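Structural characterization, general
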Amino acid sequence: MYTAVAARRQQWDNMLWQVPTLSLTAQAFLFTIALGHESSRTARVIACILSIVMTVLSMHLMSRHRQAEHTDAHWLEAYEKTNFGRSWHGRAWAEARNREPGSGFLTRFKGFEVWMGGLSVFGVAAVVVLVLTLAQTDALK
C-alpha cells in the first residue's frame, strides 16, 4: 500500500506541473488571435473568453492536483513516522528543503503560489483585451 500511495503522490506532483505548461501553450495561441492585427472583433472576443475560461480551468485543475498530492504526502509522512520513526515526505521534507539556501531570491516564494499568480495574469490580460475590444478602442490596432 505504501508503494502505491508513494507512486500516486509522484503522479499527482508530475501532473500538477504539467498544467501550467499546457495552459501557457493554449494561452499563447489564444493571445495570438486576440492581439493579432488582422483578427476580427468577433475572433478577439471569442479568444479572450476562451483565455479567461482556460485560466480558471487551469487554476482549478492545478489546485486539485496539489490537493491530491498533499493528501498523499501527508499520509506518507504519517505512515513513515509510525513505521520508521522519521519521514521523507510532507512537512518534514518541506522543512528540510527550506533549510537549504536554494538559488537565491526566488526560492523564498512557494512555487505553487507563484504559478497561480502567473496564470491569473493571463486571465487579467484577457479581460483587459476583451474590454478594449468591446469598447471598440484603437488600442489594439
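Residues numbered from 1 in each chain as written. Predicted model: local features only at pLDDT ≥ 70, side-chain atom pairs only at ≥ 80, totals over all residues. Heavy atoms only, no water.

**Points about the overall build of the protein**
This is how it is decided: Counting from the N terminus, the helices are DSSP H or I runs at least four residues long and the strands are E runs at least two residues long. The size measure is the radius of gyration over C-alpha atoms, and the globule rule it meets is 2.2 Å times the number of residues to the 0.38 power. Residue burial is assigned from relative accessible area. The probe radius is 1.4 Å, only protein chains are included, and a residue is buried under 20% of its type maximum, exposed over 50%, and partly exposed in between. Contact criterion: two residues are considered in contact whenever any of their non-hydrogen atoms come within 4.5 Å of each other. Values of accessible area rely on a 1.4 Å probe in the Shrake-Rupley scheme; residue burial ignores everything except the protein chains shown. Here Asp and Glu are counted as negative and Lys and Arg as positive; His is not counted, and neither are the chain ends. The location of each charge is read from NZ of Lys, CZ of Arg, CG of Asp or CD of Glu.
A tally of helices and strands in the protein yields four helices and zero strands. Of the regular secondary structure in the protein, the N- to C-terminal order runs α-α-α-α. Against the 2.2 N^0.38 benchmark of 14 Å for 141 residues, the protein shows a C-alpha radius of gyration of 20 Å, more extended than a compact globule. Projecting the C-alpha coordinates of the protein onto the three principal axes gives extents of approximately 65 × 35 × 20 Å. Going through the 141 residues of the protein one by one, you find that 28% of them count as buried. Sequence separation of at least 24 residues holds for 71% of the intrachain contacts in the protein that already meet a minimum separation of 6. Of the roughly 9300 Å² of accessible surface on the protein, 64% is carried by carbon and sulfur atoms. Taken together, the 14 basic and 10 acidic charged side chains of the protein have centroids lying 3 Å from each other.

**Structural notes on the environment of Thr32**
Definition in use: N or O atoms closer than or at 3.5 Å make up a polar contact, with two conditions inside protein: a donor-capable atom paired with an acceptor-capable one, and, for residues adjacent in sequence, both atoms drawn from side chains.
Counting through the fold element by element, Thr32 comes out in helix 1 (residues 2-35). Through-space distance from the C-alpha of Thr32 to that of Arg44 is 9.5 Å; in sequence the pair is twelve residues apart. Of note is the side chain of Thr32, whose polar atom sits 2.7 Å from the backbone oxygen of Ala28.

**A closer look at the nonpolar core**
The line we're drawing: In this text, buried Ala, Val, Leu, Ile, Met, Phe, Trp, Tyr and Cys residues form a nonpolar core when linked through side-chain atoms within 4.5 Å.
Counting ten residues, the largest nonpolar core is built from Leu30, Phe31, Ala34, Val45, Ala47, Cys48, Ala126, Val129, Leu130 and Leu140. Of all the secondary structure elements, the ones that give two or more residues to this core are helix 1, helix 2 (41-84) and helix 4 (111-134). With residues near it in sequence (within four places) discarded, Ala34 still touches Arg44, Ala47, Cys48 and Val129. Of all hydrophobic cores here, the second largest spans six residues; its members include Leu16, Val19, Phe112 and Leu119.

Shape is all these values report; function is a separate question.
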